[in-house]
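Fold and geometry: a report
If you want the building blocks of each chain, they are given just below.
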Amino acid sequence: EDTLASGRRFRAANLKDDCTHECPAILADFSLPGRRVTPMLDDVARKSGYPDTLVVDNRPSVDV
């Protein structure tokens, strides 16, 4: 989650391969319910294959 200059918050779902450090998909919007994220994961899985393990990190972003 982050904030635009206008103060409106947005969220980003970043899909990262920990082995190759590639990021095959990024989804950003003001709201990201599971029904929006699931098609992104399915699309990448069809192209690259399904992973053996999926790690989810929902920790809050840190202001620097």
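Everything below is about the structure printed above this text.
These remarks concern the structure in this document.

Each value, and the rule that gives it
Residues numbered from 1 in each chain as written. Predicted model: local features only at pLDDT ≥ 70, side-chain atom pairs only at ≥ 80, totals over all residues. Heavy atoms only, no water. Pairing = 2+ DSSP bridges. Helix = DSSP H or I, 4+ residues; strand = E, 2+ residues; numbered from the N terminus. Contact = heavy atoms within 4.5 Å. Axes fitted to C-alpha atoms, helices over the stretch in contact; angles between N-to-C directions. 1 Å grid on protein atoms, 1.4 Å probe; cavity = no way out; pocket = protein on both sides within 12 Å on 5 of 7 lines; lining within 4 Å. Points joined across faces, edges and corners; volume = space filled by probe spheres on them. Nonpolar A, V, L, I, M, F, W, Y, C, P; charged D, E, K, R; others polar. Phe/Tyr/Trp six-rings, centres within 6.5 Å; stacked < 30°, edge-to-face > 60°. Lys NZ or Arg CZ within 6 Å of the ring centre and 35° of its normal. Buried < 20%, exposed > 50% of the residue type's maximum accessible area, 1.4 Å probe, protein only.

Looking now at the sheet that holds strand E1 (residues 2-3). Reading across the sheet, the three strands line up as E1-E2-E3 and stay open at both edges, with antiparallel pairing between neighbours. Strand pairing shows two members of the sheet lacking a second neighbour, E1 and strand E3 (25-29), which therefore form its edges. Pairing of E1 with strand E2 (residues 9-15) involves two bridges; the strand directions are antiparallel. The residue bridging Asp2 from the neighbouring strand is Phe10, located in E2. Contacting E2 and E3, helix H1 (residues 34-48) crosses the sheet at an angle of about 165 degrees to E3.

This next bit is on the layout of surface pockets. Of the volumes computed, that of the largest pocket is approximately 1,600 Å³. Considering the residues around the largest pocket, the lining is formed by 35 residues, among which Asn14, Leu15, Lys16, Val55 and Asp57 are closest to the centre. When residues of the lining of the largest pocket are traced back to their parent elements, those giving at least two are E2 and H1. Broken down by element, the residue count for the lining of the largest pocket peaks at seven residues, all from H1. Tallied by class, residues from the lining of the largest pocket come to 18 nonpolar, six polar and 11 charged.

What follows deals with the packing of aromatic side chains. Evaluation of the coordinates by the stated rule reveals zero aromatic pairs. A cation sits over an aromatic face here: Arg8 above Phe30, 3.5 Å from the ring centre.

This part covers the environment of Lys47. Structurally, Lys47 can be placed in helix H1. For Lys47, a relative accessible area of 65% translates into the label exposed. It is 37 Å that separates the C-alpha atoms of Lys47 and Ser6, two residues lying 41 residues apart in sequence.

Such coordinate-based values are descriptive only and should not be taken to indicate function.
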